[in-house]
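Structure at a glance
What follows is the residue order along each chain.
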Amino acid sequence: MDNHLRIFISVAEKQSFSKAAEEHYMTQPAVSQYIRALEDSVGMRLLERSNKYVRLNKAGEIVYHYAKEILGLYTTMQNLVDDLVNRANGPLAIGASYTFGEYVLPRIIADMLGRYPNIEPAVTIGNTAKIADLVATHQLDIGIVEGHFNRKEIISEEFAEDEMVIVASSENKLLDKEEIELSDLVKETWVVRERGSGTREATEKFFQKFDIAPFRLMHFSSTQSIKESVAAGLGITLLSKWAVQKEVKYGDLKIIPIKGLPFIREFSIITKSPFKTNTLEIFMKLLRDSSQLWTF
């Protein structure tokens, strides 16, 4: 049945029988046969088909959602069994929120592959909420997210600290002041991430801690676009030191000195299953060990 689910997922995602056939090195009639068999097993049609489109109906959406989770569990089960006789190898599905995924994770993966070249990492970068959902549905083996994490169905472990600072354009007038007060920050436009991101959560906690209610917020969906906007003079922002180290080094952004900063948040490891493959255990150990070596 797992082949039926794989082929169904391909048809659903590619919205095409012919493209799914190419992916699985099959004929189009063979793909149609697999889909019919799955529909017979479920007891109803799963796809709406015409000459112009192939798309999921309501039943298809339900089967697609759980098919992804079922195949994730199947892969985890097989990897755990393989671990009984094999060394660390094979696929490892890693998810990370933007700050960690873009600025810290690459060097950890490079270290891992230098020691364990047979591991095959696949990385998904997204906001904290997205990564948590993918871990919860077994589509990722592990997630690394920002901030304190609390979901009953997920195992969470805080493993490292992240320092966050307020940055502005090098031309921002706040930098001309001898002493910057918290009240000065209220008058600035704050450039912030979307809700659901760890950086947005940290920003809101910072506002609460220092009783700041900015006059204006400007939302962007990526850290890079925030940095570009702040460097262009659109406002100020709170970001990880990891995210701004190059821009600070070359003078595109300046850290605004404020009493009480840097603002500290946690990076957390999140997993779903209490059973872990050798490959996952190795990666988690590298994460914990590397946190002791981070420098800015």
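Residues numbered from 1 in each chain as written. Predicted model: local features only at pLDDT ≥ 70, side-chain atom pairs only at ≥ 80, totals over all residues. Heavy atoms only, no water.

**A short note on the layout of surface pockets**
To keep it simple, the criterion reads: Of the grid points, spaced at 1 Å and generated over the protein atoms alone, those admitting a 1.4 Å probe that cannot get out make up cavities, while open sets with protein on both sides within 12 Å along at least five of seven lines make up pockets; any residue with an atom within 4 Å of a point is treated as lining. Grid points are joined across faces, edges and corners, and a volume is the space filled by probe spheres set on the points. Secondary structure elements follow DSSP: runs of H or I no shorter than four residues count as helices, runs of E no shorter than two count as strands, and numbering proceeds from the N terminus.
Empty space within the largest pocket amounts to approximately 510 Å³. Residue lining of the largest pocket: 20 residues in total, with Leu71, Gly72, Thr75, His138 and Gln139 positioned closest to the centre. Breaking the lining of the largest pocket down by element, the ones donating at least two residues are helix H1 (2-14), helix H4 (58-82), strand S3 (90-96) and strand S4 (119-125). If you tally residues by element for the lining of the largest pocket, the top one is H4, at six residues.

**Digging into the pattern of salt bridges**
How we decide: A side-chain nitrogen of Lys or Arg and a carboxyl oxygen of Asp or Glu constitute a salt bridge if their distance falls within 4 Å. Classification of residues uses two cut-offs on accessible area relative to the type maximum, computed with a 1.4 Å probe and protein chains only: under 20% is buried, over 50% is exposed, and between them is partly exposed.
Counted according to the given criterion, the structure contains 14 salt bridges. Of the charged contacts in the structure, one is a salt bridge between Glu204 and Arg195, with a shortest N-O distance of 2.6 Å. The partly exposed category is assigned to Glu204, whose relative accessible area is 25%. For Arg195, a relative accessible area of 61% gives the class exposed.

**As for helix H11 (residues 241-249)**
Note: α-helices contain 3.6 residues per turn, so residues at a spacing of three or four share the same orientation. Selection criterion: Here, residues are in contact when the closest pair of their heavy atoms is within 4.5 Å. We call two N or O atoms a polar contact when they sit within 3.5 Å, provided that within protein one can donate a hydrogen and the other can accept it, with sequence-adjacent residues counted only if both atoms are side-chain atoms.
Lys241, Trp242, Ala243, Val244 and Glu247 are the residues of H11 that are buried. Against the buried residues of H11 lie helix H5 (98-103), helix H6 (105-115), strand S6 (155-169), helix H10 (223-231), strand S9 (237-240) and strand S10 (253-255). Capping the start of H11 is the job of one residue whose side-chain oxygen sits 3.0 Å from the backbone nitrogen of Trp242: Ser240. Trailing H11 by a residue or two, Gly251 shows a phi angle of about 85°, which is positive.

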